[in-house]
Each structure stands twice: as structure tokens, then as C-alpha cells.
There are 2 protein chains.
Amino acid sequence: MASQTVVALQDEVNRLKIQLQSLAEQDSSQKIRVGDYLLARLEQLGANSMFGVPGDFNLGFLDLVEDHPSIEWIGNCNELNAAYAADGYARVKSNSIGVILTTFGVGELSAMNGIAGAFSEMVPVLHIVGVPSTVQQKSKPMLHHTLGDGRFDAYEKAAEQFTISQAILKDPNTAAAEIDRVLTDCITSARPVYLTLPTDLVYTEISSTQLRIPLSRSPPPNDQDVEKFVLDEIVKLVETVDNDAIFLVDACAIRHDVRDELDEMIRKTGFPVYSAPMGKTAVSEQYERYGGIYVGSISHPEIKEKVESAKLIISIGSLKTDFNTGNFTYSIPTDNIIELHSTWTKVQYADFANVGMKELIPKLSARLHPYQEGARQYDVPKFVADVPKELNDVISQAWFWPTMNTFFRPQDVIVAETGTSSFGILDVPLPERSIFVSQILWGSIGWSVGSTLGAALAARDLGLGRTILFVGDGSLQLTVQELSSMMRRGVKPIIFVLNNEGYTIERFLHGWERQYNDINNWKWTSLLSTLGDADGVLSRSYTVNNKQELTALLGDADFAKADKMQLVEVMMPKHDAPRALQVQAELSGKTNKYVGGS
Amino acid sequence: MASQTVVALQDEVNRLKIQLQSLAEQDSSQKIRVGDYLLARLEQLGANSMFGVPGDFNLGFLDLVEDHPSIEWIGNCNELNAAYAADGYARVKSNSIGVILTTFGVGELSAMNGIAGAFSEMVPVLHIVGVPSTVQQKSKPMLHHTLGDGRFDAYEKAAEQFTISQAILKDPNTAAAEIDRVLTDCITSARPVYLTLPTDLVYTEISSTQLRIPLSRSPPPNDQDVEKFVLDEIVKLVETVDNDAIFLVDACAIRHDVRDELDEMIRKTGFPVYSAPMGKTAVSEQYERYGGIYVGSISHPEIKEKVESAKLIISIGSLKTDFNTGNFTYSIPTDNIIELHSTWTKVQYADFANVGMKELIPKLSARLHPYQEGARQYDVPKFVADVPKELNDVISQAWFWPTMNTFFRPQDVIVAETGTSSFGILDVPLPERSIFVSQILWGSIGWSVGSTLGAALAARDLGLGRTILFVGDGSLQLTVQELSSMMRRGVKPIIFVLNNEGYTIERFLHGWERQYNDINNWKWTSLLSTLGDADGVLSRSYTVNNKQELTALLGDADFAKADKMQLVEVMMPKHDAPRALQVQAELSGKTNKYVGGS
């Protein structure tokens, strides 16, 4: 394998050559409108869906989007849902980005929670905002969508808190460079960026030459001397512990896209592999040396014992959040940990800057290959989902999740809402090449519905399998209108709505019988016909009241082939939760106690 | 009438006396939990509904809310809708405030557009955010709902852009003073404020003594010398123009609550009165000397002529936004204008600080009373809505709005969504003591649906009449789930859904036949049964396809009595808009042109 440094340098050389050439040709270069320049970049990045809501400051740009041959305008029901959809799209379509377009003030602020979630969870999303003309931004009239006090920069200031980089376009001469700068930040740091597009710049013509230079995705090359030292250290430690080492895969392995490198490493070296919740499906859950999910004290006892008794843990892309670590209950001494991150590495107590995992993993893979026989001496618990034998016919959480195991297929995209669903599915091994999508750090309820729209569109682009969503009745109410956009755009997710009468995760945290955790019960099986399928040709809806009905539905080939959009209302008890959620709630309750509360 | 200065001083004396007394009693004072202190203040302010969504950092406080005898927890479907509802509540319930409770990060950011709208439109809203404990805010663990980088203050920083004042509670010793400070700012500046409530402070006990001192609503007293000078100047001008003066009433007359003072002044002095769109219903639209709505060049020709030919215009609470002024087309020389504002006055070219209208108007009223005979020489056009004779049966915009005129009753609360509805209703005179609610400056589509929930609850508190909403199909999709909360809380608005196949206001601005202005057509008459009225006992839904069907429905006494929630789908042509919107769109199109766009 050619060293990444060489590749990066070669890229740089090519870029500089084209830049020189383009300067020479400048006068004769082809002109392109600023709006089209932006679209050309998005096309290069494989962003074939654009989410958002029209508004009077973005309509001119929307003409260009609607006329673009390979970018589809999705047109969401509201901006928050659009942001969630852009996030879901980017999570499934690796190496691309999610794009949302909103209008000045009212639109962009509605999307803010979705953008902040992408920041928190490291998802590359571009937020384009159509804003008043550069002339109006100087004269500051009291336009609609303004705060009435002339502060035209208030929205940007808020956006700075939740985006890694911002471009406030003002000048056609710098527009291309500004667009390229934020897009490069977006793809290299896997975080949202913010771009304003004034009405009078959209059709302004600029040189298109720069477009011949693709945007660079390469992370900065590793420092070779430090990298060599780190590799030696790691190998030494593996030898010291007599191969009693494991890999623990986490969120950033997905966000910084080292899945292929990881797959090669785990197979070539044979060390046991476990995953944190946010790393689920970063490596195959069907791989024989994969042992399941480690979540600190919330883990299954056997997994907990295996992980915590290993003498060395090579953690890849870890993100130690409360819900990802069993409320910070990792019981692993720092002596035993090596951490690989996107731009740095930590060996025991020592930090090494400029040694990123994308380049390191293939080398580590080669260096640890010789130890595979020793590595394979150590057992890995089989990661299986046992369906418990229950005497009644109620659909319990303990029975539901392992039962779903039989329904999943390779390449399915499985989206789980924060709460009952994200905790419940942890213990279910997912198929080969399936993709698990959840928002475990940010945890904004309702996110999964918008996200499913984006995920399903990305899955369609990539030719993946079905998109399957698990969402509670309480969460679905926040963002329900996006079911309409799914039918409108012809995607066909299967949506399991867990009807358990309200905010169950909260009941377990506080307010077991409180009314504020109740919701209004909806006629869930009428939703799809009401929200766009009046003729009943685009969708099917079901209610399953007991184990038998659910089992029958899952076994129905017509249902499983997902040729229409489908919604399944699953009747479940109000005061039931998956094991992992029950334990998590107990732990969070202790740290966040209301003294004297009921 | 006692001078306001004397009243203010007397208030101050009483406050100081109680403070002294409370200091003396401190040891024996009754203790109250911080959360209950806040609720006691809200009760004093008449805020009997609290909007929001539960989340794990606000559950402890919600126990106190749920147990409170006079504050009802509304429990919205999502936070943006909750913010809109708090805004609608505050608009209808003068002298009170709207209150929204959300959770850290995910919840508060979802509400941000609603809060920014309240800022822009000057609506007093308190945003309470349940946040992690003071201990966690110091140690900054990677909790769910955080950005993952330890920036626990990022949300406050964003909130600073859209609230007039913030209190970040950290210390029980200052909690009461901090709560009082932001609430006072909220009621005196009629703008939103932000308050964080850490989990560990909610039940901490503090002294309740301060509660005996009601929060002061009084604006700062006017400077008496300047005020006298201003009054003399105004009277002199009225004499100079030989009584050819008019009043022009606008938004801030409502926001700073001078409706009673105004009513007295217009009746006592007899000068003609007109209103800007945002001042609609600030004075009675049935008053014989009221001439209708002035919107610059968009006005009806007769109104435009009368207003612009008057030699002196006394404007009250003006807010010169684009949509409020016919795109800045007031054709009135500054020589002819006197502006009364909440804290200052402008006479022709001269600004006078510290002369606020609340105190000034009663004095001006007395000073201008002698001129009433002269004032009444000048004619006022009759403000009536003429139903045009149309030969076809299509429900046109030109026919629809004046027809609605016959349906309204005194004390109705009439909410109009931004767009077709807010423009269409301008030319319809509303009944005595009716309240018009619209968001003409901020203009966030979807706002009216959440707002109607709040408006209807406020109307119930005040014993007003029916709440009637006009909303387009496109706008309703953004916030549709809040229909569920209306049925759940037992309010019974009448909702006219204008089904005209998408974003009509935008078609008139740009993209006449563009697909991005289309929406998915829903089965509107199934919405209420799907979203909470499965048994069909709480609501009724109708579709009216033509003039005859609408006329029949409006004449139906059962429909008009509004004893259930009702939704009326009104079928209207896709490319039709009220006169005022058509002209406005033409004007905005010119200033915001996309050169070369289709």
C-alpha cells in the first residue's frame, strides 16, 4: 500500500499544477454562476439530495437546484426535519455530505437543533442559508425575518456556536474560495458548516476553473518519526501482555470512515473485537471474533468480564459520553489503554499529536499480523440474541428486540430513536454490511423520523437494502409530518411505532406515573393515509397487539419485501423498558437527583 | 388622574418598606423552593399555562408545575410549537406573559426560532431551560445533549442573540433576585428572556419574603419638563394645520399596552384614526371615526389619499417594517409626522428622550379635547368589506375575505398565518373587542398553529369569544401536530385551512409554476380524527368546494357556536392571492430580484 503521505503530496502537486494552468487561462476560462458553482461542488461530493424548505430569500437558488440534472430537491415539511434528514443522509452515505437549504432567520433558526446535533455527533452537513442581497445587508432595512433592530448578523453569531466553519458570502471574487474552504472543513472534520448565499450573488458569474480541482479529503499526513515510535510502543505492549489484547470500536471509526481499514485489521490480526454503542456496525457484527457491545457497567456480564479483564485495549475512535459508556462506568485502568483517534494517538498516559488513525491502522495491521495465532488463543463470547421464553402473549421489550433479529437482512439500514429503541437494539446482532444509525450523544427526540428520510434516500443512492426505523409514540409526534415527505419522494421505509403511551425513557428517569410523561394517543394506522396516501396505494399500516400477530407479520414475505412504505403500530406495556435502559436510568437518576422530588 | 410619577414613587416607597420589614423578619421568614418561587411569580403575573416538552433536566421542576393549583402544564408535541404557543398566549393575554419550559440543548434550540420571533415582534415570553446540576456544569462531563467538547455555555451564547435578558442560575442566594430581574425585563420591555434552572437548585429552599413585593410594570416616569414642551409643540402643530390631523396606530400600541389610553383619546378628540397592519384591532375597527388600514402604496386608494393628504399624522407605536408599510412606501414628509413610542417621542425632526406614550397619551388626550369640533370636520372613509359580485362559484380570495366579515363576532380572537391569510384579512373590519393576532414582521410560516393553541387558552382564561385561525395548507404542514394539543387541552378553535396547493405567497414572489412551491396534498379532513379524536366526539371537519357550500356552513348555527374543535378545508385556486399580497409581491420582487432567474 502506497503511503498516505505520498498520496497527499501527489494530490497537492496536481492541485498546484491545475491552479497554475487556470491562472494562465483565466481570461478564456468558462464562466459559471455562483449558485451553479456550489451545486457543481455538491455533485462532486456525491450529495444528490438537498433538503430544506423554500423561502423568499432562497427561491432564485432553488431554480438552479430544480433544474440541476443530478441533485434532487427534497422539500421537507419543516426545517428541523430537513436538518435531521441531511444528518441521516450523511450518516449513511459515507464520503458524501448532507445538505440543507433554509431561508434567513426564520428558516435557519428552526434548523438549529438539527445542526447542533450534527456538530455533537460529528456528521458532515452543509447548511446553506438564502439571505437578503449584499446591498440590503449594508443598508439594513427593517425587512420581514429580521429582529427589527438592524442586527443582520445575529443569526450568524448563533450559528458560530454549532458549526465548525462559516462563510458569509459577500464578494463574487472570493465566493469560490469561500465555498471550497467550508466544504473542505466539512469533509475533513466531519462537522457541520454554514454558508450564506445573498440573493444578488446567486446568478453572478465567476470563473469555473477551480472546479477542475477536486476538494481534498486527505487528513494531514502523520509525522513519520512519531508514528514509528507509536507503532513500536504498541507492538511492545502487545508482546508484554502476551497477546491478551482486544479492539474496542467506537463512534469516530464511523465518522472518520476507517471501516475498511478496520475490517482488514481485525481479520488480519485476529484479536477479539467489541464495540461501544456508538460504534455499532463499524465492524461486522457477524464476524466470528466479534463479541458484542461494551457499555461499562451496563454491559452483559460476560462481555463486561471479557473486556475489563483484557490486559490491553486498543480503542478506535472512542467518544466517552454518558450513554455510550454506561454513565462513565468503564472499569479499565489507563495503563491498559491505547486510543486511536482521527488526528492523535494515546498510549497509556502519553499523547502523540499528528498520528491519525486513517494512516496508522493499515501499518498497525501489518505490524500486528504476526501475532494472530497468539491473539486467537483468547475466546470471544458469541454475540447472539436469545429470544426469552415468556408465558404470556404481551409484546415485552425483552422479547421484542431479539425477535427483530430474525427479520433483519444484510445491507439493511436500521435507524433507532433515542430512548427505548436505541437501548433495546444494542443487544441485537445486526447483519453483514448493515448500517446502524442512532443519535446517542445528542439524543434529540424526534430526530430519527427526519433522519430516516435522509437515510432511505442515501440507501437508494447506494443500492442498499431496506430502511427500518424504530421509534416511540412520544418521539414520533415531534416530527411526524416527515412521513409525508417519504411517500412523496417514493422511499419505502418500514416504521415500527412502539405504542407504550408516552415518554417511557423519562418515566424510568423520573415521574413514573406523572401526567407530563403522557401523550395524546393517535390513530397511528391512519397517519399514512392522512399524510399523503389518501388512495391507499403508496403504503400499508398495521397494528400488532401480541407476540403472535407480530411473529406472523415478520414472517409475511409481502411485508418483508418492503415494496411500499409501511407503518407498524406495536402495542407494548407502558412501564416496560429494555434491560440496558433500566440500568442506565438508575445510574443517571443517581447523578441527577432532585432532592425531595417525587 | 393621578400623575404616573406619583404612582411610581408610591410603589417604590411601598417596596422599600416591605424590603426593610423583610430584612427584619429574615430569620423567621417562610422558606420556599426555588422552583416554587418561580411559579409563585408566574402566578402573580397571571401566566396560568406553561408550554413545553419534558426532558430529563426539567422533570423535577415539572413535578412542581403539575402539582401547582393554578398553573396548567400544556405539554406540546414539540418545542417550536411550544414557543409559538407561549407567544400566542402572551399576545392575547395582555399584562401577562407566555412561558415555555424546555430541556438543555436539544429542547431549547428547537424553540429558538419561536423565541426570536417573540423578540422581533416584541412579545413577552419567558424561556425556562432545565439544565444539568451546578456540579456538572463545573466538571463538564460528556453528557447527552452536550456538544461533546465541554462547551456548556454554547446554548446561552446563542440565546443572548434573541432574548433581552438572561439569568443563569447558579447560587440559591441570588436566585430570587435573578428571577425577579429577568421577569421585570420581560414585562417592561415586552421581549423574551432566558432563565436556566439547574436540577440541583429546583428544590433548594430560599426565603419567600421577596414574593410579597409584586414585580413592577411601570415604565420609567417621563421627564416632566420635556413632556410639557412636547405637549405644547403638538398642540401648536394641530393649531397650525387647522385640525387637519389624524392618528395612525401601530404594533407597539398593542405591545406596550396603551389600548385603553388610546381608546379614550380617539373618542375624546375626534380626530380620524387609521391603523397599520400590525396595529389592527389596537383600536376598535367599528368606531365611527376609524378609516381602516394604511399600508403605504398598498393601501386602498381612498385610505391612501386621506392619510397622505392629512397635514399632521400622530403615529402611535409605529414599526416601519417592509410588510407593515407596503414595502417602505409611506408617502409622508417628516414635517408632517409626530411619533409616540414607548420611551421617546419624535416631533417632526426632533427626538425627545424619556417621554413615553403610556403617560403622555392621557395628557395629550386632555390637551386635544378642546379641538374635537374642528377635528370632526374632516371626513373619514367608511371601513367596510364589500363582497364582490362574481359570476362563478369558485371561492376566490377577493370573495372569501369580505365574506368572512359576516361570521366574526365581538370578542373573537382571529389569528392569521403569514402570507395569503395575513394579507387577505387586512381589508376586513373586525368586530368590537375582537383581537387580531398575526406575525407580520417575523413572518415564520407555521407559527399561527402553535400560536392558536396559546391564543385559545388565553381567550379561555379571559372569557373571550371563539378563536378562529386562517392558515394555508403549506404552512399548516410545518406545525400540524399541535392540533393534537388543542383537542387534548379542550380548546375549540375553528381552523380554516386554505387548500391552494402549496406556498402561494412564494409563487407570487418567485417560481410561479416551480415544483419547489408545491406540497404533498393531505387528507385534511382526516387530520383531527387521526391526531387524537379517533372516536369523533371532540371535533368536526368539513370541506367546502364553492361559494354556496361555504355560505351555508357560515350560516349554520351549530358550526358558529364552536362547541367542538372544527377544521374547514377551503378549496381555493392555486394562483389566486388577495389584492394586498399581489401588490406587495410585486414591490418585494423588484428589490430582491434574481437577475437572470426564471
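Residues numbered from 1 in each chain as written. Chains lettered and ligands numbered in written order. Predicted model: local features only at pLDDT ≥ 70, side-chain atom pairs only at ≥ 80, totals over all residues. Heavy atoms only, no water.

Colleague: Looking at this structure, how should I read empty space enclosed by the protein?
Modeller: Where empty space is left becomes clear once a probe the size of a water molecule has been rolled over the atoms. Under the counting rule described, the total for this entry stands at 17 cavities of 30 Å³ or more. In this structure, the largest cavity occupies an estimated 390 Å³ of space. Thr418(B), Ile445(B), Ser475(B), Ile505(B) and Glu506(B) are, among the 36 residues lining the largest cavity, the residues nearest its centre. The set of elements that each furnish at least two residues to the lining of the largest cavity consists of helix H5 (106-110) of chain A together with helix H4 (79-92), helix H17 (420-424), strand E18 (467-472), helix H19 (473-479) and helix H21 (504-509) of chain B. Residue classes in the lining of the largest cavity are distributed as 13 nonpolar, 18 polar and five charged. Taken together, 20 residues form the lining of the second largest cavity, with Gly443(A), Ile445(A), Glu506(A), Gly55(B) and His145(B) sitting closest to its centre. When residues of the lining of the second largest cavity are traced back to their parent elements, those giving at least two are helix H21 (504-509) of chain A together with helix H5 (106-110) of chain B. (1 Å grid on protein atoms, 1.4 Å probe; cavity = no way out; pocket = protein on both sides within 12 Å on 5 of 7 lines; lining within 4 Å. Points joined across faces, edges and corners; volume = space filled by probe spheres on them. Helix = DSSP H or I, 4+ residues; strand = E, 2+ residues; numbered from the N terminus. Nonpolar A, V, L, I, M, F, W, Y, C, P; charged D, E, K, R; others polar.)

Colleague: When you look at the interface of chain A and chain B in this model, what are you seeing that I'm missing?
Modeller: Bring the parts together and some accessible area is lost; that lost area is often taken as the interface size. On the side of chain B, 97 residues touch chain A, which itself brings 97 residues to the contact. For the pair chain A and chain B, the summed buried area comes to about 7800 Å², and 55% of that belongs to carbon and sulfur atoms. For the pair chain A and chain B, the interface holds six salt bridges. Across the contact surface, chain A and chain B share 48 residue pairs in polar contact (both at pLDDT 80 or more). By residue number, the principal contributor to the side of chain A that touches chain B is helix H3 (residues 59-67) of chain A, which donates seven residues. For the side of chain A that touches chain B, the per-class residue count stands at 42 nonpolar, 38 polar and 17 charged. (Contact = heavy atoms within 4.5 Å. Buried area = accessible area lost by both parts, 1.4 Å probe. Salt bridge = Lys/Arg side-chain N within 4 Å of Asp/Glu carboxyl O. Polar contact = N/O pair within 3.5 Å; in protein donor to acceptor, adjacent residues only side chain to side chain.)

Colleague: Hey, could you run me through the domain arrangement of chain A in this one?
Modeller: Residues and elements named next belong to chain A. Segmenting chain A into domains produces domain 1 (29-212), domain 2 (224-375) and domain 3 (397-586). One C-alpha centre belongs to domain 1, the other to domain 2, and the line joining them spans 37 Å. Listed as interface residues are nine residues of domain 1 and, on the opposing side, seven residues of domain 2. Each partner contributes to the roughly 600 Å² buried at the junction of domain 1 and domain 2, and carbon and sulfur atoms together form 49% of this total. Three residues stand out in domain 1 for area buried against domain 2, namely Ser94, Glu121 and Met122, and they jointly supply 60% of the buried area on that side. Notably, a salt bridge pairs Arg255 with Glu121, separated by 3.4 Å at the nearest N-O pair. In this structure, the connection of domain 1 to domain 2 is made through four residue pairs in polar contact (both at pLDDT 80 or more). (Domains from an automatic or database assignment.)

Colleague: Teacher, can you tell me more about unusual backbone geometry here?
Modeller: Note on backbone geometry: most residues besides glycine have negative phi, and most peptide bonds are trans. In this structure, Asp242(A) takes a positive phi of about 55 degrees despite not being glycine. You can see Asp242(A) is positioned in the loop between helix H10 (224-240) and strand E9 (245-249). With a phi close to 50 degrees, Ala190(B) is a non-glycine residue in the positive phi region. Examined against the element boundaries, Ala190(B) turns out to sit in the loop between helix H9 (172-189) and strand E7 (193-198). With relative accessibility at 3%, the residue Ala190(B) sits in the buried group. (Buried < 20%, exposed > 50% of the residue type's maximum accessible area, 1.4 Å probe, protein only.)

Colleague: Looking at this structure, how should I read the UniProt feature "domain: Thiamine pyrophosphate enzyme central" (unreviewed entry) in chain A?
Modeller: Per the UniProt entry, the sites bearing "domain: Thiamine pyrophosphate enzyme central" (unreviewed entry) are residues 246-349 of chain A in this numbering. This span, residues 246-349 of chain A, is 24% helix and 23% strand, and a straight line between its end C-alpha atoms measures 18 Å. (UniProt positions renumbered as here; feature names shortened; annotations may be inferred.)

Colleague: Please clarify how H10(A) should be interpreted in this entry.
Modeller: Residue pairs three or four apart in sequence face the same way in an α-helix, which turns once every 3.6 residues. Residue and element names in this part refer to chain A. The terminal C-alpha atoms of H10 lie 24 Å apart, and with 17 residues this matches the ideal 24 Å at 1.5 Å per residue to within 8%. All of the buried residues along H10 are Glu227, Val230, Leu231, Glu233, Ile234, Val235, Leu237 and Val238. In this structure, the buried side of H10 is in contact with strand E12 (312-316), strand E13 (337-340), strand E14 (344-347), strand E15 (350-353) and helix H14 (357-368). For H10, the capping residue at the N-terminal end is Asp223, with a side-chain oxygen 3.1 Å from the backbone nitrogen of Asp225. After H10 finishes, the residue Asp242 shows a positive phi value of roughly 55 degrees. (Expected span 1.5 Å × (residues − 1).)

Colleague: Help me understand the sheet that holds strand E4 (residues 98-103) of chain A, please; the structure alone is not making it clear to me.
Modeller: All names here are of chain A. If you trace the six strands from one edge of the open sheet to the other, you get E3-E2-E4-E5-E7-E6, paired in parallel fashion. Each edge of the open sheet is held by one strand with a lone partner, namely strand E3 (72-73) and strand E6 (165-168). Of the pairings in the sheet, the one linking strand E2 (residues 49-52) to E3 comprises two bridges and is parallel in character. Following the sheet pairing, Ser49 is matched in E3 by Glu72. (Pairing = 2+ DSSP bridges.)

Colleague: I tried to follow the layout of surface pockets on my own but got confused; where do I start?
Modeller: Residues and elements named next belong to chain A. Put simply, the second largest pocket is a space of about 700 Å³. Lining the second largest pocket we find 37 residues, and of these Ala190, Ile254, Arg255, His256 and Asp257 sit closest to its centre. Mapped by element, the contributors of at least two residues to the lining of the second largest pocket are helix H4 (79-92), helix H9 (172-189), helix H11 (251-255), H14 and strand E17 (435-438). Per-element accounting of the lining of the second largest pocket gives the leading share, four residues, to E17. Class assignment for the residues of the lining of the second largest pocket results in 18 nonpolar, 10 polar and nine charged.

Colleague: Help me understand the UniProt feature "domain: Thiamine pyrophosphate enzyme N-terminal TPP-binding" (unreviewed entry) in chain A in this model?
Modeller: What UniProt calls "domain: Thiamine pyrophosphate enzyme N-terminal TPP-binding" (unreviewed entry) maps, in this numbering, to residues 33-144 of chain A. With 49% helix and 18% strand, the stretch residues 33-144 of chain A has end C-alpha atoms that lie 27 Å from each other.

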